[in-house]
Each structure stands twice: as structure tokens, then as C-alpha cells.
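Chain by chain, the residues:
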Amino acid sequence: MDSTLNEAARRFGDLRGPTWILALHQTAARGRRGREWRHPAGNFAATLVLPGPIAPATAALRSFVASLALHDAFAAVTGRAGSFALKWPNDVLLNGGKVAGILLETIGPRGDALSIGIGVNLAQAPGAAQVEAGALRPVSLLSETGASVTPEEFLDLLAPAFARHEAQFATYGFAPIRTAWMDRAARRGEVITARLPGEEVTGRFDTVDEQGQLVLSTPQGPRRIAAADVFF
Ligand SMILES: O=C(O)CCCC[C@@H]1SC[C@@H]2NC(=O)N[C@@H]21
């Protein structure tokens, strides 16, 4: 297929509940900010469709829910939870390199459904030439840990992990998700740079707030950032 996100947009009207769309091959996968996403054979690519209506304020928080689910799945596959870290807003790192990315998209004019697109470098990582300057080096699960997992096996771990964290989110709200996410956060307490449209903000990574915003401590005081690319 072209992209599991496109497939989600075509199908959401027929779906009665949360539905995973898994692709073993995509011809037009996309990443965040209009970037191309490469999908070599053996890698995981799926979109979870949550039929709506989805409140805009809680939609973006699903990237934290999905990140925790990915962390659980990686820990289960490798037994090495400590090798994985979460990078705001929605990447998963392995040994400091990017192993997975998440792209959220709302479907329909009134937020009729939410698509959570997830790509994981299970078997292959794109070469450095494919990555923009300053971005983290892409890594694959196989090359970093030796763990050989098929996309179907990975989905069997990821789907129940997502359901667990989503149930916690529905029952208790964002607070426990936020705490668990911060416990696994990369570079907490360190100086990082957030690149916003037309501006760069450098400061100490203090926390993520109740709305999922990045909070940096800068010489001018705390800055809350809703959307940006982060550089270490
Ligand atoms: O880090 C990023 O930029 C997000 C990458 C998201 C890639 C996945 S692969 C499955 C789904 N379908 C797409 O076209 N993109 C997402």
C-alpha cells in the first residue's frame, strides 16, 4: 500500500473500534513535518486508528501513550529496558540512536478519528545520508541488540501494551502516563535545543507539563513549548 496513514483515512468510516493497520511494504510512507519515511523490508510500520470524536487537547497526548507502549514492547523483546529512552515529543531511542518514530494525524474536518502512525527500524536503519543534518543517527533493533523480530510478532506485543496504557489514560488521565514517560525520558536535566519555526530555544530540560508541552529552563525563565524538533 502507499501508507498506513492513507489507508486509515480511507477506512475510518467503516471502523467500530480501535483498529491496527499493518503494512509489510509502503510506497509512500511519511514522517513528521512532511519528511519522507523509508520503509525497508522487515521493518515495522502500522497505524492504529482510534475512531472519534477525539478531543484536540487529548489527541496529542496519545504520542506519550504510544511511546510507553513501544518502550514496553522493546523491553519485552530484548529484556533490556534500560537501553531504550523516550525523546520528546515522539521518538524512541536505542543506545542513543533513533529506533522508532510516531506520527499523529487527525482524520476528518471535526477530528472524526485519530491515526497513530508508528514506524520501527526492526531490521534495517536508513543510512546517514537519508537523515537531515543534526538529527540523531538511525539505528535498528537487530544491529544494536541482535534481537530478530518480525513485524507481526512486534505487533503482538505492541497492541496489548498500547491497550493497557490507553486504559490507564482513560481511567486516570494524563498524570500517570506523564510520570512513566518522564521516568524513561532521554536527557532529563540536561541542556537541549528546541527548534521552532523561526526560533531556537536552548535550555535545561526540566519536565513535560500537564498538557504534554516541553518545559525548558532558560536564562529568561521557563519556556513551555508545544511543538518543535529537539536536538541534543
Ligand atoms: O519519526 C517520524 O518522523 C515518524 C515516522 C512515522 C512512520 C510511520 S510508518 C507507518 C505510518 N505510515 C506512514 O506513512 N508513516 C507512519
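In the annotation of an unreviewed UniProt entry, the entry for the protein chain reads biotin--[biotin carboxyl-carrier protein] ligase, and the organism field reads Seohaeicola saemankumensis. For the protein chain, the Catalytic activity (unreviewed entry) comment in UniProt is given as "biotin + L-lysyl-[protein] + ATP = N(6)-biotinyl-L-lysyl-[protein] + AMP + diphosphate + H(+)".

### Focus: the pattern of salt bridges
Across all of its chains, the model carries 19 salt bridges by this definition. In this structure, the salt-bridge partner of aspartate 229 is arginine 33, at a minimum N-O distance of 3.3 Å. Taken together, the positions of aspartate 229 in strand E11 (residues 229-231) and arginine 33 in the loop between strand E1 (19-22) and strand E2 (44-51) put the pair 196 residues apart, joining distant regions of the chain. Among the residues examined, aspartate 229 registers a relative accessible area of 15% and is labelled buried. Arginine 223 serves as the salt-bridge partner of glutamate 199, at 3.0 Å between the closest nitrogen and oxygen. Placement of glutamate 199 in strand E8 (residues 199-208) and of arginine 223 in strand E10 (residues 221-225) is noted, with a sequence separation of 24 residues between them.

### Focus: the nonpolar core
Core analysis: the largest hydrophobic core is formed by 55 residues, its most contacted members being Leu70, Phe74, Phe154 and Trp181. Counting residues per element, this core draws most heavily on helix H3 (residues 62-78), which supplies eight residues. Both domain 1 (4-183) and domain 2 (191-231) contribute no fewer than three residues apiece to this core. For leucine 70, the residues in contact, after removing those within four places along its chain, are Val92, Ala100, Ile102, Ile118, Val120, Phe154 and Leu158. Residues Leu15, Ile21, Val49 and Ile107 belong to the second largest nonpolar core, which totals six residues.

### Points about the pairing of strand E3 (residues 84-87)
Side chains Phe84 and Leu86 project from E3 onto one buried face, and the interleaved Ala85 and Lys87 project onto a second face that is buried too. Of the pairings in the sheet, the one linking E3 to strand E4 (residues 91-94) comprises four bridges and is antiparallel in character. Looking at the pairing, alanine 85 lines up with leucine 93 of E4. The hairpin formed by E3 and E4 contains three residues between the paired strands.

### Remarks on helix H5 (residues 151-172)
Taking 1.5 Å per residue as the helical rise, H5 with its 22 residues ought to reach 32 Å, and the 31 Å between its terminal C-alpha atoms agrees with that figure. What H5 keeps buried is the set Pro151, Phe154, Leu155, Leu158, Ala161, Phe162, His165, Glu166 and Phe169. End-on view of H5: buried residues confined to an arc of 150°, all on one side of the axis. In H5, the exposed residues that point more than 90 degrees away from the buried face are Asp156 and Thr171. In this structure, the buried side of H5 is in contact with E1, E2, helix H2 (56-59), H3, strand E6 (113-120) and helix H6 (174-183).

### Some remarks on the packing of aromatic side chains
One pass over the full model with this rule turns up six aromatic pairs. With a centroid separation of 5.2 Å and an interplanar angle of 65°, the aromatic rings of phenylalanine 44 and phenylalanine 154 are classed as edge-to-face. With phenylalanine 44 in strand E2 and phenylalanine 154 in helix H5, the pair connects residues that are 110 residues apart, well separated along the chain. Relative accessible area serves as the criterion here: at 0%, phenylalanine 154 is assigned to the buried category. Centroid distance phenylalanine 74 to phenylalanine 84: 4.7 Å. Interplanar angle 5°. Geometry classified as stacked. Taken together, the residues span a long stretch of sequence, with phenylalanine 74 in helix H3 and phenylalanine 84 in strand E3 at a distance of 10 residues.

### Regarding the sheet that holds E3
As summarised here, the arrangement of the six strands in space is E1-E2-E6-E5-E4-E3, forming an open sheet in which the pairing is antiparallel. Lying at the two open borders of the sheet, with one neighbouring strand each, are E1 and E3. Shown here is a sheet whose adjacent strand axes are inclined to one another by a mean of 20°, direction ignored. Summarising the sheet, E4 and strand E5 (residues 97-107) pair through four bridges and their orientation is antiparallel. Bridge pairing in E5 places leucine 93 opposite lysine 98.

### Topic: the domain arrangement of the protein chain
The assigned domain composition of the protein chain is domain 1 (4-183) and domain 2 (191-231). Distance between the C-alpha centres of domain 1 and domain 2: 22 Å. Counting from both sides, the interface comprises 14 residues of domain 1 and, opposite them, 17 residues of domain 2. Between domain 1 and domain 2 we count three salt bridges in total. Between glutamate 210 and arginine 178 there is a salt bridge; the shortest N-O distance is 3.5 Å. Between the two partners, domain 1 and domain 2, sit four residue pairs in polar contact (both at pLDDT 80 or more).

Definitions and cut-offs
Residues numbered from 1 in each chain as written. Predicted model: local features only at pLDDT ≥ 70, side-chain atom pairs only at ≥ 80, totals over all residues. Heavy atoms only, no water. UniProt positions renumbered as here; feature names shortened; annotations may be inferred. Salt bridge = Lys/Arg side-chain N within 4 Å of Asp/Glu carboxyl O. Helix = DSSP H or I, 4+ residues; strand = E, 2+ residues; numbered from the N terminus. Buried < 20%, exposed > 50% of the residue type's maximum accessible area, 1.4 Å probe, protein only. Core = buried A, V, L, I, M, F, W, Y, C linked by side-chain atoms within 4.5 Å. Domains from an automatic or database assignment. Contact = heavy atoms within 4.5 Å. Pairing = 2+ DSSP bridges. Expected span 1.5 Å × (residues − 1). Arc of directions from axis to C-beta. Phe/Tyr/Trp six-rings, centres within 6.5 Å; stacked < 30°, edge-to-face > 60°. Axes fitted to C-alpha atoms, helices over the stretch in contact; angles between N-to-C directions. Polar contact = N/O pair within 3.5 Å; in protein donor to acceptor, adjacent residues only side chain to side chain.

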